[in-house]
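Survey of secondary and tertiary structure
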Amino acid sequence: ERDGDGPIGTLTSPTFKISHRYISFLVGGGAYEFGTCVHLIVDGKIVRMATGADSDRLKVVTWNVGAWAAQSAQIQIVDKARGRWGHINVDQIIFTDKPETMPIEAAPLYQETHRPQFHFTARQWTQTRLNPGQRQEGWINDLNGLIFYDGEYHLFAQRWAKCWLHAVSRDLVHWEELQPAFWEEEEGSGVQSGTCVIDYANTSGLSPDKNTPPMVAFWSRFDNRSQCLSYSLDKGRTWKRYEKNPLFIKPERDPKVFWHEPTKKWVMMMYGDGKYHILTSPNLLDLHDENNPIPKSYECPDFFELPLDGNANSKKWVLVRGDGKYSIGSFDGTKFTEETLQFESDGGPNFYATQSWHNVETGDGRRIQTAWMRGGQYPDMPFNQQISFPCQLTLHRTPNGPRVFRQPIAEISKLHRSEESWTNLNLHPGDPKQLKTEGDLWHIKANLTVPDGKKLLLRIRGMDVELTNKTASNGNGPRPLSSELRNVEILVDRTSIEVFVNDGEFSLSRCYLPTESGLLVRSDGETKFQSLKIYELNSIWQNQMEIN
């Protein structure tokens, strides 16, 4: 077949048995992002992939294939770059035990230098590529379709609309990343952010068995008009595209869907033209625009109820925008009435595209939120970007009105390895204290008092957290507190620091690269720690390291 710059299509070799440790070849031309690559297929599954790095210059690629010795394999050359530059050149395919150019051997999975150890990051499946970019294996961005079902927490996320990444956990701490859930329909069509729901009553008719409710994922194509769905009948392990996609046409993207019990309808909230549009449906398939748009809104909506001060008889709806700003109000199934201004839920520089786990009423009922820590740097790593640690959201009265509080979930204690503690520790001006000289995984909890007009500095592996009696800062300017500083909780990973002040009244999330070691505290006033605890943490990936 020909299209634009030349032939497109797929060329697959005859099946052969892998009899040598390495396969080496020359490749040049288009890039994987344009649908142009070389695959190694073993027993029908793609296990290695290479590209020409978007260059006409031929380069040597060597695959270590010893793990598949004596198995059936094929080499496949792919060009799907319709209407785009994307040709590929492949030459001198050699099967050998002594290649002239050895492959780049990656560090053991999840043990890489800058790999976060208790924040979720993406893995590579078919490549060993450093510094992966958008749409490449190892990249992760917006959270999608977070849902709890049958004892499992599902984390879906974007590989920049190339596919939905997928991981599962039973405790929100230890994760197993599965193969991507589903992919864009054709190269460049995109599977953007969206939602998952469990259609328990099978209102959609997508399941042939009433005892197997479908897991339904809603998403938008790259045209920012076509709204589509995919569904799974085996707890998200395999997916089918809805045969009548697109479900409907409406600008723009990021559908958030949930069941509204009082009106017995599904509700979709979708971003478009700076607003959130509210649509309703009896069956997930036929949607009606209620024409009650919510202005001053931006991307990736999240929408849920929270009890005020824990009172189940006094609930409020919380609407969270993609940038983490939220407002509080009431919702009747077709219209959201805001009762507050928009507030910043996290004041750090790396906090975006938040989502919370849906369907939690079938579990312990907690509303758990996480976010893309956008903008982190991970030089020469086989992954790119990380996800914030899950936090429980609660709604509380404050002197300034109701506010959403964020605190790390209690399950962080599962990672505690050792503890150091101090009581009535006094810091005097000019007398800093070195609390840690080494280590990179800490959970810090402190009750403290900082005098008016004075500053407490925690220098964590070269990065500063500054606290006063009235403000907190973690690299993005000071943020005001609604009451005097009472306590602080800090999560320190290899490349992220998350700060939670006054029981989660405010949080500050940031990525960093360490420039020093250790933890030092100093103050320009008489600061007192009534209590201070530092827990060293285990990695969440220990079992994964053994498997991989």
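Attention in this report is confined to the structure presented alongside it. (Residues numbered from 1 in each chain as written. Predicted model: local features only at pLDDT ≥ 70, side-chain atom pairs only at ≥ 80, totals over all residues. Heavy atoms only, no water.)

1. Section: the nonpolar core
In plain terms, the rule: Nonpolar cores were defined as sets of buried Ala, Val, Leu, Ile, Met, Phe, Trp, Tyr and Cys residues, with membership established by side-chain atoms within 4.5 Å. Exposure classes here rest on a 1.4 Å probe applied to the protein chains alone. A residue is buried below 20% of its type maximum, exposed above 50%, and partly exposed in between. Secondary structure follows DSSP: runs of H or I at least 4 residues long count as helices, runs of E at least 2 residues long count as strands, and numbering of each begins at the N terminus. Pairs of residues are marked as contacts when any of their non-hydrogen atoms sit within 4.5 Å.
Of all hydrophobic cores here, the largest spans 39 residues; its most connected members are F118, F120, L155, W175 and W357. Contributions of two or more residues to this core are made by β11 (143-149), β12 (152-158), β13 (163-169), β29 (352-356), β30 (367-373) and β45 (527-537). If we ignore the near neighbours within four places in the chain, the residues touching L155 are F120, L143, L146, L165, H166, A167, W175 and W357. A446, L485, V492 and L508 belong to the second-largest nonpolar core, a separate cluster that totals 31 residues.

2. Thoughts on the sheet that holds strand β34 (residues 416-427)
Applicable threshold: A pair of strands is labelled paired if DSSP reports no fewer than 2 bridges between them. Angles here are taken between N-to-C directions and fall from 0 to 180 degrees, while the axes themselves are lines fitted to C-alpha atoms, restricted in helices to the stretch in contact.
Taking strand neighbours across the sheet as the criterion, the six strands line up as β34-β45-β36-β41-β42-β43 in an open arrangement whose pairing is antiparallel. The sheet terminates laterally at β34 and β43 (506-511), the two strands that pair on one side only. Taking each pair of neighbouring strands and ignoring which way they run, the sheet shows an average axis angle of 10°. Where strand β36 (residues 442-449) lies against β45, eight bridges are found, and the strand directions are antiparallel. Within the sheet, the bridge partner assigned to K445 lies in β45 and is K533.

3. Things to note about the environment of Y231
Checked against the element boundaries, Y231 lands in strand β17 (residues 226-232). Taking C-alpha positions, Y231 is 17 Å from V168, a pair spaced 63 residues apart along the chain. Residues in contact with Y231, not counting those within four places in the same chain, are L206, M215, V216, T238, W239, K240, R241 and Y242.

4. Focus on the side chain of S230
Threshold: Distance and chemistry together define a polar contact, namely a pair of N or O atoms within 3.5 Å, with one atom able to donate a hydrogen and the other to accept it when in protein, and with adjacent residues in sequence counting only for side-chain atoms on both sides.
Counting through the fold element by element, S230 comes out in strand β17. Within the structure, S230 has its side chain in polar contact with the side chain of W219 (distance 3.1 Å).

5. A short note on the pairing of strand β15 (residues 195-198)
Of the two faces of β15, the one holding T195 and V197 and the one holding C196 and I198 are both buried throughout. For β15 and strand β16 (residues 215-220), the ladder comprises four bridges, and the chain directions are antiparallel. Residue pairing across strands places C196 opposite A217, the latter belonging to β16.

6. Some remarks on the pattern of salt bridges
Selection rule: Salt bridges, as used here, are contacts in which a Lys or Arg side-chain nitrogen is within 4 Å of a carboxyl oxygen on Asp or Glu.
The tally for this structure, following the rule as stated, stands at 31 salt bridges. In this structure, R479 and E344 form a salt bridge, with 2.9 Å as the shortest nitrogen-oxygen distance. Here R479, found in strand β40 (residues 479-480), pairs with E344, found in strand β28 (residues 343-344); they are 135 residues apart in sequence, far enough to count as distant. R479 sits in the buried class, given a relative accessible area of 15%. Linked through salt bridges whose partners overlap, the residues forming this network are R135, K162, E184 and E187.

7. Quick look at the environment of V318
By the secondary structure assignment, V318 is in strand β25 (residues 311-320). Remark: the alpha-carbon pair of V318 and G138, spanning 180 residues in sequence, is separated by 33 Å. Beyond its immediate sequence surroundings of up to four residues, V318 is in contact with D302, F303, F304, L306, Y326, S327, I328 and V404.

8. Regarding unusual backbone geometry
Note that the residue after N245, namely P246, is joined by a cis bond; omega there is 0°. Counting through the fold element by element, P246 comes out in the loop between β18 (240-241) and β19 (248-249). Here the bond from P251 into E252 is cis, since omega is 5°, no more than 30 degrees from zero. Looking at the secondary structure, you find E252 in the loop between β19 and β20 (253-260). Backbone geometry places N131, a non-glycine residue, at a positive phi of 55°.

9. Looking at the sheet that holds strand β23 (residues 288-289)
The strand order across the open sheet built from four strands is β20-β21-β22-β23, with neighbouring strands paired in antiparallel fashion. Edge strands, defined here as strands with exactly one partner in the open sheet, are β20 and β23. Here β20 pairs with strand β21 (residues 265-272) via six bridges, running antiparallel. In the strand pairing of β21, V257 is matched with M268.

10. Topic: the environment of W125
Considering the arrangement of structural elements, one finds W125 in the loop between β10 (88-96) and β11. Taking C-alpha positions, W125 is 29 Å from G322, a pair spaced 197 residues apart along the chain. Sequence-distant contacts of W125, defined by excluding residues within four places in its chain, comprise V47, R48, E137, R159, E177, L178, Q179 and P180.

11. Brief notes about the packing of aromatic side chains
Inclusion rule: Here a pair means two rings of Phe, Tyr or Trp (six-membered ring of Trp) with centres within 6.5 Å. Their orientation is stacked below 30 degrees between planes, edge-to-face above 60, and tilted elsewhere. Whether a charge sits over a ring comes down to the Lys NZ or Arg CZ being within 6 Å of the ring centre and within 35 degrees of the ring normal.
The full count for this structure, using the stated rule, is 30 aromatic pairs. Where Y271 meets Y298, the ring centres are 5.7 Å apart and the plane angle is 80°; that geometry is what we call edge-to-face. One end of the pair, Y271, is in strand β21; the other, Y298, is in the loop between β23 and β24 (302-308), and 27 residues separate them in sequence. Classification of Y298 as partly exposed rests on a relative accessible area of 39%. For the pair Y378 and F383, a centre-to-centre distance of 5.2 Å together with 50° between the ring planes defines the contact as tilted. Each member of the pair, Y378 as well as F383, carries the same accessibility label: buried. In this structure an aromatic cluster arises from ring pairing among Y110, F120, F148, Y153, W175, W357 and W541. Stacked on the ring of Y352, the Lys or Arg R374 has its end atom at 3.8 Å from the ring centre. When the ring centre of W372 is taken as origin, the NZ or CZ atom of R374, which lies over that ring, is 5.9 Å away.

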